[in-house]
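# Fold and geometry: a report
This is what each chain is made of:
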Amino acid sequence: MPSWPLNQWYVAAYSEEIGDGLLGRTICGEPLVFYRTGEGDVVALADRCVHRRYPLSRSHLKDDQIVCGYHGFTYDKTGVCVAAPAQKRIPRTARVPAWTVREQDSLVWVWIGDQGLADTARIPRAPWLDSPDYTVVRGMEPLKARYSLLVDNLMDLSHETYLHGGYIGTPEVAETPITTEVDEDANVVYVSRHMDDAECPPFYSKSTGIEGRITRWQDVEYYAPCLYLLHSRISPAGILSPEEGPDDQAFHVEVTYGITPSTEHETLDFWMVSRDFALDDEKVTEFLATNNHTVVMQDVVALDLLEEVLESEKENYQELSINIDTGGLAARRILAKLVARGEGKTAEAKTVAAP
Amino acid sequence: MSSPDQVGPAAPVRADLPSPTKMLKGRTVYRVVWQLHTDVLVGYCWCGASHEDIDPITLWEWLLAHPDTHGDSRTDSDAPDPEPELVDM
Ligand code: FES
Ligand SMILES: [Fe+2]
């Protein structure tokens, strides 16, 4: 049984990553190949030729069809083999599975699980990612660590003070009480930390130009299993959000993560930073891109290290939870519930489909 | 941080906590509020019942076990949850 929930949407790629060529990417243990048709639709097929298992992502795209780079089996966008080398007869079983994909908010989502159960209405939203009111920088880092470690990492921002001191962490982050909420029906965890008089970390002083102390709010919204949103609000100390009207005295940064399991010990870490100020300022863009990449890499190094520790300790390691872990514990519980439910649904669908 | 002898399981743990600000709007939202310097967590069930603890795991266990006393109020949910349990992953 895999450690990730089945029958869920996962971020597979950024829209801009899928253009003229073939993109190979393993999502939840499935090697997939992605491409874009002449009409602009994204296609996802199993990345293994039925003939001798050659990766289709290392093949050629011709007229919206993949021509296997080994012996030339040719597949259309539904995965059906439409041509085999030097013969007219194509075996009826010659097809590779196709996956349901959907582009939304500049992300390519793929449904992992029973394809008949895919429901596009359930994809969580991050509209700022392709809004003209925001400027976005983004990247993707592959982790050599299981995805639950990245969930843990992002649910508890107290680690900013220690792992990211000098970038995004200041003493107040680890010292401010947190409110945690869990929506049992929607599978959302919300963790909120509002610092009303805090030091301004360089990440924000350099990008916003604020000098002196700030009001810093961090509101985390985690849509299990794949989308993580950190709504960050920064303003000069004392300027709070107005009860009504636009919050135009504050700077808003939307930090977004796609947390996508690749294999049991590898994760795709899609990170995006969107801001609603200095939209055309290239220097700010460059600064946020470079700095956030540094912060992401600090986490990557730490999580890769943790994975090594966990693997060497096998099942018996002990850990201790304290108050800062309240949100992380809630996320784990929801994931465990979704893993169990996803397995159940797939089993159910198979039973129904059986003759 | 308070030392354990100031706030222990045997001591009354009620702290002067601000009433929680509602963030999620769903029907079944659990809420846990923590105030620093007390080490106390207060959990609110979506029915309004509350419970205090100084250990997040024990508090979640209470919150998740608690709706059993609500009778049938959740059976209208289309996908009943499996038994709630805290996992150590
Ligand atoms: S492996 Fe693809 S055609 Fe032979
Ligand atoms: Fe209750």
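Everything numeric here is computed off the predicted structure, so don't read it as measured data.

### What about the environment of Ala84(A)?
All names here are of chain A. The topology assignment puts Ala 84 in the loop between strand E8 (81-83) and strand E9 (98-99). Residue classification places Ala 84 among the buried positions, given a relative accessible area of 13%. For Ala 84 and His 51, which are 33 residues apart along the polypeptide, the C-alpha to C-alpha distance reads 9.6 Å. Ala 84 has contacts with Phe 73 and Ile 90, leaving out every residue within four places of it along the chain.

### Details of unusual backbone geometry
Put simply, Ala224(A) and Pro225(A) share a cis peptide bond, and its omega is 0°. Although it is not a glycine, Ala278(A) sits at a positive phi angle of roughly 45°. Here Ala278(A) is to be found in the loop between strand E18 (266-275) and helix H5 (282-313). The partly exposed category is assigned to Ala278(A), whose relative accessible area is 32%. Phi is positive for Asp39(B), which is not a glycine, with a value near 65°.

### Quick look at the domain arrangement of chain A
Residue and element names in this part refer to chain A. Each assigned domain of chain A is listed with its residue range as follows: domain 1 (8-122) and domain 2 (127-338). Centre-to-centre, using C-alpha coordinates, domain 1 lies 32 Å away from domain 2. On the domain 2 side, the residues contacting the 18 residues of domain 1 number 21 residues. For the pair domain 1 and domain 2, the summed buried area comes to about 1400 Å², and 65% of that belongs to carbon and sulfur atoms. Of all residues in domain 1, Val 11, Tyr 14 and Asp 105 bury the most surface against domain 2, accounting for 37% of the area lost on that side.

### Describing helix H1 (residues 147-155) of chain A
H1(A) sits mainly inside the fold: eight of its nine residues count as buried. By the burial criterion, the buried members of H1(A) are Tyr147(A), Ser148(A), Leu149(A), Leu150(A), Val151(A), Asn153(A), Leu154(A) and Met155(A).

### Regarding empty space enclosed by the protein
Residue and element names in this part refer to chain A. Evaluated as defined, the whole model comprises four cavities of 30 Å³ or more. Reported here for the largest cavity is a volume of approximately 180 Å³. In terms of lining, the largest cavity is formed by 19 residues, of which the most central are Glu 160, Ile 168, Leu 230, Val 255 and Tyr 257. Elements that contribute at least two residues to the lining of the largest cavity include exactly H1, helix H2 (159-163), helix H4 (202-208), strand E15 (214-223), strand E16 (227-236), strand E17 (251-263) and H5. Residue classes in the lining of the largest cavity are distributed as 10 nonpolar, six polar and three charged. As for the second largest cavity, its lining consists of Met 155, Asp 156, Leu 157, Ile 178, Val 191, Ser 192, Arg 193, Gln 218, Val 220 and Ile 324. Among the elements of the structure, strand E14 (188-198) and E15 are those that each provide at least two residues to the lining of the second largest cavity. Among the elements that take part in the lining of the second largest cavity, E14 stands out by supplying three residues, more than any other.

### Things to note about the sheet that holds E8(A)
Taken in spatial order, the four strands make up an open sheet running E5-E6-E7-E8 (chain A), and their pairing is antiparallel. Strands at the two margins of the open sheet, each flanked by one partner only, are strand E5 (60-62) and E8 of chain A.

### A closer look at the pairing of strand E1 (residues 29-35) of chain B
Burial of E1(B) is extensive: six of the seven residues sit out of reach of the surface. Pairing analysis gives five bridges linking strand E13 (residues 179-183) of chain A to E1(B), with the strands arranged antiparallel. Bridge pairing links Glu181(A) to Arg31(B) in E1(B). Note that E1(B) and strand E2 (residues 40-44) of chain B share five bridges and pair antiparallel. Each bridged residue has a counterpart across the sheet, and for Trp34(B) the counterpart in E2(B) is Leu41(B).

### Here we look at the UniProt feature "domain: Rieske" (unreviewed entry) in chain A
Look at the UniProt record and you will see "domain: Rieske" (unreviewed entry) annotated at residues 9-110 of chain A. A helix fraction of 0% and a strand fraction of 43% characterise residues 9-110 of chain A, whose end C-alpha atoms lie 5 Å from each other.

### Comments concerning helix H1 (residues 56-65) of chain B
Residues and elements named next belong to chain B. Of the residues making up H1, those classed as buried are Pro 56, Leu 59, Trp 60, Leu 63 and Leu 64. Buried residues of H1, viewed axially, fall in a sector of 125°; they line one side. The backbone nitrogen of Ile 57 has a side-chain oxygen 3.1 Å away, supplied by the residue at the start of H1, namely Asp 55.

### Let's talk about the pairing of E13(A)
Residue and element names in this part refer to chain A. Where burial is concerned, most of E13 is hidden: five out of the five residues are buried. Across the two faces of E13 the burial is the same, with Thr 179, Glu 181 and Asp 183 and Thr 180 and Val 182 all buried. With five bridges connecting them, E13 and E14 associate as antiparallel partners. Bridged to Glu 181 within E14 is Tyr 190.

About the cut-offs
Residues numbered from 1 in each chain as written. Chains lettered and ligands numbered in written order. Predicted model: local features only at pLDDT ≥ 70, side-chain atom pairs only at ≥ 80, totals over all residues. Heavy atoms only, no water. Helix = DSSP H or I, 4+ residues; strand = E, 2+ residues; numbered from the N terminus. Buried < 20%, exposed > 50% of the residue type's maximum accessible area, 1.4 Å probe, protein only. Contact = heavy atoms within 4.5 Å. Domains from an automatic or database assignment. Buried area = accessible area lost by both parts, 1.4 Å probe. 1 Å grid on protein atoms, 1.4 Å probe; cavity = no way out; pocket = protein on both sides within 12 Å on 5 of 7 lines; lining within 4 Å. Points joined across faces, edges and corners; volume = space filled by probe spheres on them. Nonpolar A, V, L, I, M, F, W, Y, C, P; charged D, E, K, R; others polar. Pairing = 2+ DSSP bridges. UniProt positions renumbered as here; feature names shortened; annotations may be inferred. Arc of directions from axis to C-beta. Polar contact = N/O pair within 3.5 Å; in protein donor to acceptor, adjacent residues only side chain to side chain.

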